[in-house]
Amino acid sequence: MKLHWSPKSPYVRKVMVVAHKLKLLPQITLVRSVAAMRVPNTELMRDNPLSKIPTLVLDDGATLFDSSVICEYLNALAQGTLFPASGAARWQALRWQAFGDGMLDALILWRNERERLDISRSAELLQAFETKTHAALARLQVEAAELVDAPYAIGHVTLGCALGYLDFRFPDIDWRARAPAMASWFASQQLQSAWVATEPTLDG
């Protein structure tokens with residue numbers, strides 16, 4: 001398998017954490033691919049016309065995207081337990097996955113808006129993204145005990161990637177003060193090999 005990959009993408013990190021946990025890395029060839037919002041990558045578009053990462057190319061040439069689909073495929077391939085088969089556990093895992101992905105969507109748009117030239121920035125958008133992020137952290141603080149008690153699944157991975165992205169791209173936000181219970185949980189994740197190996201770096 002071939003994975004279009006970047007060390008800075010939180011969605012790629014999600015796939016990589018899953019691959020680490022399922023011990024599938026030896027089966028995956030990483031292809032460094034740049035997916036800039038304003039400059040489509042013609043090489044990447046041969047496998048994904050949306051020019052987005054992660055994109056997984058299977059051995060038969062079929063392609064899978066986005067991160068949620070790729071993670072579920074890898075879990076099925078390894079007969080893993082990151083996607084509960086049915087019942088309340090499945091819906092909770094998928095809900096937390098959607099929660100984490102939604103946080104990442106908002107954070108990436110927020111970062112893009114913050115990096116615009118001052119004259120073109122939208123104060124209204126900046127405030128909206130900040131409000132959504134703070135509300136998300138408040139809800140996670142309420143749900144932290146439930147997350148800790150739940151069997152480890154794709155929701156845990158995705159929320160961990162969202163919190164890691166906050167650290168990486170928003171060091172000015174003291175999110176731990178808003179969600180100390182989640183901060184405690186995340187600290188335990190950061191010690192695990194899958195998270196250490198996928199830590200994003202600015203020079204990556």
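Scroll up to find the structure this text is about.
The structure reproduced in this document is the subject of the present report.

Calculation notes
- Residues numbered from 1 in each chain as written.
- Predicted model: local features only at pLDDT ≥ 70, side-chain atom pairs only at ≥ 80, totals over all residues.
- Heavy atoms only, no water.
- 1 Å grid on protein atoms, 1.4 Å probe; cavity = no way out; pocket = protein on both sides within 12 Å on 5 of 7 lines; lining within 4 Å.
- Points joined across faces, edges and corners; volume = space filled by probe spheres on them.
- Helix = DSSP H or I, 4+ residues; strand = E, 2+ residues; numbered from the N terminus.
- Nonpolar A, V, L, I, M, F, W, Y, C, P; charged D, E, K, R; others polar.
- Polar contact = N/O pair within 3.5 Å; in protein donor to acceptor, adjacent residues only side chain to side chain.
- Contact = heavy atoms within 4.5 Å.
- Pairing = 2+ DSSP bridges.
- Right-handed = clockwise from strand over helix to strand, strands pointing away.
- Salt bridge = Lys/Arg side-chain N within 4 Å of Asp/Glu carboxyl O.
- Buried < 20%, exposed > 50% of the residue type's maximum accessible area, 1.4 Å probe, protein only.
- Axes fitted to C-alpha atoms, helices over the stretch in contact; angles between N-to-C directions.

1. Things to note about the layout of surface pockets
Part 1 of the reasoning: Approximately 1,100 Å³ is the volume attributed to the largest pocket.
Part 2 of the reasoning: Lining the largest pocket we find 33 residues, and of these Ala35, Ala36, Met37, Ile53 and Ile108 sit closest to its centre.
Part 3 of the reasoning: Elements supplying a minimum of two residues to the lining of the largest pocket: α1 (10–21), α3 (67–77), α4 (87–114) and α6 (154–169).
Part 4 of the reasoning: Per element, the largest residue contribution to the lining of the largest pocket is six residues, and it comes from α4.

2. Points about empty space enclosed by the protein
Part 1 of the reasoning: A full pass over the atoms with the stated rule returns one cavity of 30 Å³ or more.
Part 2 of the reasoning: Of the voids in this model, the largest cavity is the one considered here, and its volume is about 60 Å³.
Part 3 of the reasoning: Residue lining of the largest cavity: Pro7, Lys8, Ser9, Pro10, Arg13, Cys161, Gly164, Tyr165, Phe168, Thr198 and Pro200, and that is the complete set.
Part 4 of the reasoning: Secondary-structure elements contributing two or more residues to the lining of the largest cavity are α1 and α6.
Part 5 of the reasoning: Counting residues per element, the lining of the largest cavity draws most heavily on α6, which supplies four residues.
Part 6 of the reasoning: Looking at side-chain class alone, the lining of the largest cavity contains six nonpolar, three polar and two charged residues.

3. Here we look at the side chain of Thr55
Part 1 of the reasoning: Structurally, Thr55 can be placed in strand β3 (residues 55–57).
Part 2 of the reasoning: Among the polar contacts made by the side chain of Thr55, one reaches the side chain of Asn48 at a distance of 2.9 Å.
Part 3 of the reasoning: Within polar-contact distance, the side chain of Thr55 engages the backbone oxygen of Lys52 at 2.8 Å.
Part 4 of the reasoning: When neighbours within four sequence positions are excluded, Thr55 is seen to be in contact with Lys2, Leu3, His4, Leu44, Asp47, Asn48, Leu64, Phe65 and Ile70.

4. Examining the pairing of strand β2 (residues 29–32)
Part 1 of the reasoning: Where strand β1 (residues 2–5) meets β2, four bridges bridge the pair, whose relative direction is parallel. Paired with His4 across the strands is Val31, a residue of β2.
Part 2 of the reasoning: Regarding topology, α1 serves as the crossover connection from β1 to the parallel β2, and that connection is right-handed.

5. Here's the deal with the side chain of Ser9
Part 1 of the reasoning: Note that Ser9 resides in the loop between β1 and α1.
Part 2 of the reasoning: From its side chain, Ser9 meets the backbone nitrogen of Val12 in a polar contact 3.1 Å long.

6. Brief notes about the pattern of salt bridges
Part 1 of the reasoning: One pass over the full model with this rule turns up eleven salt bridges.
Part 2 of the reasoning: The residue Glu199 makes a salt bridge to Arg13 at a minimum N-O spacing of 3.4 Å. In this pair, Glu199 is assigned in the segment after α9 (193–197) and Arg13 in helix α1, connecting sequence segments 186 residues apart.
Part 3 of the reasoning: Residue classification places Glu199 among the partly exposed positions, given a relative accessible area of 42%.
Part 4 of the reasoning: Of the residues examined, Arg13 reaches a relative accessible area of 7% and is grouped as buried.
Part 5 of the reasoning: When the shortest N-O distance is used, the salt bridge between Arg176 and Asp167 registers 2.8 Å.

7. Some points on the sheet that holds β3
In any sheet, the strands associate via hydrogen bonds between backbone groups, in a parallel or an antiparallel arrangement.
Part 1 of the reasoning: Taken together, four strands build an open sheet; the order of strands is β2-β1-β3-β4 and the sheet is mixed. Two strands close off the open sheet at either side, each with one partner strand: β2 and β4 (63–64).
Part 2 of the reasoning: Strands β1 and β2 of the sheet are contacted by α1, whose axis makes an angle of about 145° with β1.
Part 3 of the reasoning: Against the sheet, α3 makes contact with β3 and β4, and its axis sits at roughly 40° relative to β3, the strand it touches most.

Honestly, it's all geometry; don't read function into it.
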